[in-house]
Each structure stands twice: as C-alpha cells, then as structure tokens.
Amino acid sequence: MMRWLLLLFALLAGAAQAEEFLDPAVAFRPSARALDGQTIEVVVAIARNYYLYRNKFRFAIESDAATLGEPVFPKGKEKDDDTFGKVEVYHNQVAIRLPVERSAPGPLPLRLKVTVQGCAEAGICYPPQTQTLDLTLPDPAATPSQAAGAASSGDESGAIAAMLRDAGFWTILAFFFAAGIGLSLTPCVLPMIPILSGIIAGQGQRASHARSLALSLAYVLGMALTYAAAGVAAGLSGTLLSAVLQNAWALGAFALIFVLLAFSMFGFYELQLPTALQSRLAEESGHLRGGRGIGVFLMGALSALIVGPCVAAPLAGALLYIGQTGDAVLGGAALFVMALGMGAPLIAVGVAGGSLLPKTGPWMENVKKGFGVLLLATALWLLSPLLPAVVSMFGWALLLIIPAIYLHALDPLPPQARGGQRFWKGIGIVMLLSGAALLLGALAGGRDPLQPLAGLRGGSNAAEPARLPFEPVRSVAELERRIAAAGRPVMLDFYADWCVSCKEMEKFTFSDPAVREKLAGFTLLQADVTANSDEDKALLDRFKLYGPPGILFFTADGRQVDSVRIVGFQDAATFLRNLARVI
C-alpha cells in the first residue's frame, strides 16, 4: 500500500512540475512588421526565465516576387548550455532585421515563416517551433528606407524600452535618475512644490534643518513608492492608475484638502491630531513628532497620483518595457529611481525652506500666509479642468489681487521706507496689475489666462486660442473606419482635460504657423480620454499607450507610421522634424 502511495505521489509531483512550464507558443511569441518597402523587423517576445538560441533562427517567405537576404541579429549573451555547449542566446525580447530583395513594385503581401528554438532555465528544452506571420511591404518608391534606425528614430519611449533590455542595471538607474531630475522642471511636478513648502511652513518654530530634511524625505519617498507601484501595475495591466483618479470627485476632494490646509496657514484654525493619539504616535515615530511623518508620506503618495499624472517618454518607456517583458523588478526600480530624481529638487526646496524660515516674529506668519496662497493656487489648478474658463480666470484674478492688497500695493510708502518694503510693494503692484488684467479680460469675454486682454483687440473670439480642426473618435472601430476612408495621411492625437502636457501641445506647438501649414494636408483625429471609459482604455491599449499625450501618424493607405510616434510634450521645432519624416 505504501509503495502505491509513493508512486502516486511521484506521479502527482511530476505532473505539477510539468504544469510549471509554458507552452512554447506562449513562451516565444513572434511578430513582424515592415520597416520600409525592403525591410522586415521580426520581434520575438521571450517569457521570463526562458531563452532562445541565436543559431536556431530560420526565416522563409512564400512569394515568387521576393527573396530574403541575410538576417541582421543584435548581440546576444554567451551561455554555457548543457545541450549545445557554449552558445549565444537571447532573453526577454529580440528584434531581427530581414532585408528583402523584391522584383515587383507596389505593395507586396508576404507570408513569413519564423522558426525558433529555446529552453527554460529550469531545465526543459523545446524542439524547433515554426509560426506563420502575414504582413504587407509598402511600395519602396513611396517609403524612404528606415532600416538603419527606425526602431528608435521617432519613438523615444520605444528607444528607452530597448535601452532597458540592453543596458546594465546601474546604467539604467543612473539614466532614470537623470530623467527624473529633468521631469521635475515640467508643469506636472511644479504643483508639488507649494504642497511640500506649505507642510514645512506649517511646522512653525519646529521647522529645523533636520526636521525639514526628514519631512521632505518622507514626502518624496511616498511619491517614489507610489510611482513605482502604480507604474508596475500599469505595465502589467496596461492601465495607468492615476488616470482613474482624474474625475470630479477625486480632484474636488483633494482640492478641498488643500483649501483646509491653506486656511490653517491663515490662522483660522490649527490642524492637529488629538493629544492622546499624538502621544501614542510619538512613541512609535521617534523624532517625527505627532506621527506627522506618516501624514507627509501619505500626502506625497496622493500628490504623485493626482497632481502628476502626465505621461512622459521615460515613464512610457519603462511601462512599455514592463508590459512587453513582465520584468516588474527592473521596471519598478527604474520608476522608483526616476521618482527620486523628480523629488531631488523638492528635497532641496523643503530643506531650504525649513532652514530659511524665521523662528519667531511676524515674518514667520507672513511666510505661512504666502504658502497658504500657494496651496489655494494648487487647489484652483487642480479644479481648472472642471471649471468654466471664465470661473478659472476670476479665481486667478482674486488670488493675485487680494494678496497684493496685503502687500500694501494700494498703500503709500513712508518716506523712510527700507529696500525690503519697496521691493514687496513692487511685487504687490505687479500682482495687482496682473489680477486686474485677468479680471478685465474675463469681463470682456477673454478665456485665455496667458492672454487675458487679447479679446480687447478684436472681439471675444480673438481671446480664444486657435485650435486645430480635430475630428473626435470614440472607439477603435470608429477610428479604423475614419482612417480607411480618409484617403490622405492621418494624425491621431490622444488628449485629456487633466493632461498638462496636452494643453502645452495645443498652446505652444499646434498654434505654431509652420506646424499648422504642414498639417493642412492631414486628416486630424483626436481621442479624448478624459473620462477613462472602457472605449478610452481600448483606444489606448490598441496602440500600447498608457495615457496622453500621444500622437500617432498613418499613411494615406491606412498603415501606421511606426517610426514616428510622439509621447509627451514636443516643442514646435522638434515636432516639425518628426513631421518631416512622416511627409
């Protein structure tokens, strides 16, 4: 009886072990695309803990009008294999270029057979696997050769994803830290400065140099961990979590928190935990008295999700890499380090603010009130996508005019006024004039805060920023119909009301006369993904995008121009260079 039990246990263990290995069609997933009229790129996605042999690749096409040239392989990694000895192998993903010698002009349909062979690291090797892929080569006369650099020339996020595959671990982290510092200067991160500064200012006399550093680190650590966790989840699921929070309820709740914090800065009340809870948390949180370090950490986490949802090329590249390879460890580490780079200037601001804040006297109260105004400005900035333009302009006008009055912009200076008094009065006058211009512009029909008086030059319509004639698309099926019926090149723009970089593209790039002239021959389509509905998610997933801004191009016969794919903000000059390649 015991022998039968042992035999049954062995069979079950063997079956369980067998189930651990993937089907070869799942472990090795090839795809193919035409880079130009004479070049095919074959990309094989390789599951984690599996690898492919370089010398086992085979390619063949079924066509009388074309033959394949010598494949161009990237460099692999050397491996001492138990089956074949010392060999070159590929992990995660490999892209091979296939030159095509063709004897017929025009579009050329092809059926490509791809044969691969590989193994699992756990010790099982598969026989050769052949899969058939269909594609169409465009007319060589109508498409310039892109074989040399199509993979990375136009798609910065794709180039970053390729860098993640090929570069060393520490090189990747150094790159993303530097990218994070660059992203810290964008409008998506700037609103975090008054949040952190307001927290430091709210500490009053306790805002020592060490305490400011500790609070700043807690805030940035919360932001970094949230970016890493949300980024890994986005890469594995294909959905950017922060986009879910860009709705009226979430933005309104967060704006209300900022308003409450601002009013506490003005001295209307003091926000603090009950005394008993403060005492208990003090025992657990060490020198971060009253448990405030935990609150600052949570504020940093929420700020990362709600204040900074924009998708830039480094973030998109990391998410693309995670989604393609499933390597959440490296992708998450890259996102964490990128967020630390974004937070480095915030730490500097926090520490400087803590060390420069006066400990006693009226100056400390004035500084706190100044940060209160900044917190109100952040709340208004959060709500601006939900508010009518005229209401937003009135709000900005009040935020400039009322503080200007407190800066004595309307009061005469005494003859013996010192330099500091004259300086702050000058700042107050500038704020008063700016607020008055916003107020007058709003009353005159202007709706552009950057050009509030433009309506006075030529009627209310002159105040409206010139917009490209985009046609809305709401689903993948509608998009495909529009592209097929266009009969000319198509530009597809992904937009959202809460996307700061999208509005930068409208304000500074799409308004450029040279850009508008070049786009005159295009059908302009726009997918507004503000609501983050199922249709919006399907549109983003169709093109492996995690959020706006994203701009894609299609030829007159409906093919996507894979080599030019814009993620994040681009100024007019850079956009024109990419557009020239499309044209």
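Preceding this paragraph is the structure being described.
Computed from a predicted model, the values in this text were never measured in an experiment. (Residues numbered from 1 in each chain as written. Predicted model: local features only at pLDDT ≥ 70, side-chain atom pairs only at ≥ 80, totals over all residues. Heavy atoms only, no water.)

Asker: Can you break down the sheet that holds strand β8 (residues 93–102) residue by residue, with the values?
Answerer: Strand order in the open sheet formed by 4 strands is β1-β2-β8-β5, with antiparallel pairing between adjacent strands. Unpaired on one side and paired on the other, β1 (28–36) and β5 (66–68) mark the two borders of the sheet. In this sheet, adjacent strand axes meet at a mean angle of 30° when their direction is disregarded. Where β5 lies against β8, 3 bridges are found, and the strand directions are antiparallel. Counted as the bridge partner of T67 is E101 from β8. (Pairing = 2+ DSSP bridges. Helix = DSSP H or I, 4+ residues; strand = E, 2+ residues; numbered from the N terminus. Axes fitted to C-alpha atoms, helices over the stretch in contact; angles between N-to-C directions.)

Asker: Which residues make up the sheet that holds strand β15 (residues 550–554), and what values go with them?
Answerer: Read across the open sheet, the 5 strands follow the order β12-β14-β13-β15-β16; overall the sheet is mixed. This sheet does not close on itself; its edge strands, each paired only once, are β12 (471–472) and β16 (560–567). By the bridge criterion, 5 bridges tie strand β13 (residues 490–495) to β15 in an arrangement that is antiparallel. Residue V490 lies in a different strand from β15, and its bridge partner there is F554. Lying over the sheet, helix α22 (residues 572–582) contacts β13, β15 and β16, oriented at roughly 170° with respect to β16. (Contact = heavy atoms within 4.5 Å.)

Asker: Provide a residue-level description of the packing of aromatic side chains, including the pertinent values.
Answerer: Ring pairs (aromatic) are described by centroid distance and by the angle formed between their planes. Under the criterion given, the structure shown has 15 aromatic pairs. Between F423 and W424, the ring centres sit 5.2 Å apart and the planes meet at 75°, which makes this aromatic pair edge-to-face. (Phe/Tyr/Trp six-rings, centres within 6.5 Å; stacked < 30°, edge-to-face > 60°.)

Asker: Describe the packing of helix α15 (residues 389–406) against helix α16 (residues 419–443), naming the residues involved and giving the relevant values.
Answerer: Direction vectors running N to C along α15 and α16 enclose 155°, while the axes themselves pass 8 Å from each other. It follows that α15 is roughly antiparallel to α16 by the angle criterion. With respect to the hand of their crossing, α15 and α16 are arranged in left-handed fashion. Counted together, V390, M393, F394, W396, A397, L399, L400, I401, P403 and A404 of α15 and G428, M431, L432, S434, G435, A436, L438, L439, G441, A442 and L443 of α16 form the full contact between these two elements. The class makeup of the residues in the contact of α15 with α16 is 17 nonpolar, 4 polar and no charged. (Parallel < 35°, antiparallel > 145°, perpendicular 65-115°, else oblique. Left-handed = near helix turned anticlockwise from the far one by under 90°. Nonpolar A, V, L, I, M, F, W, Y, C, P; charged D, E, K, R; others polar.)

Asker: Run through the state of the cysteines, naming residues and quoting values.
Answerer: Tallied over the full model, the rule gives 1 disulfide. Sulfur-sulfur distance for the disulfide between C119 and C125 comes to 2.0 Å. Taking the sign of the torsion about the S-S bond as the criterion, the disulfide between C119 and C125, at about 105°, is right-handed. Judged by relative accessible area, which is 1%, C119 ranks as buried. (Disulfide = S-S within 2.5 Å. Buried < 20%, exposed > 50% of the residue type's maximum accessible area, 1.4 Å probe, protein only.)

Asker: Lay out the environment of A25 with the relevant residues and their values.
Answerer: With respect to the helices and strands, the residue A25 is situated in helix α2 (residues 24–27). In sequence terms A25 and Q131 are 106 residues apart; their C-alpha atoms lie 8.5 Å from each other.

Asker: Pulling in residues and values, what's your account of the pairing of β1?
Answerer: Sheet analysis places β1 next to strand β2 (residues 39–46), joined by 8 bridges and oriented antiparallel. Bridged to R29 within β2 is A45. In textbook terms, the turn of a hairpin is the stretch between consecutive antiparallel strands, and for β1 and β2 this stretch comprises 2 residues.

Asker: So what about the pairing of strand β7 (residues 85–90)? Which residues, and what values?
Answerer: In this structure, strand β3 (residues 50–53) lies alongside β7, joined through 2 bridges in antiparallel fashion. Note on β7: the bridge partner recorded for Y53 is V89. The pairing of strand β6 (residues 77–81) with β7 spans 5 bridges and is classified as antiparallel. Within β7, the position partnered with K77 by the bridge is V89.

Structural measurements only, silent on function.
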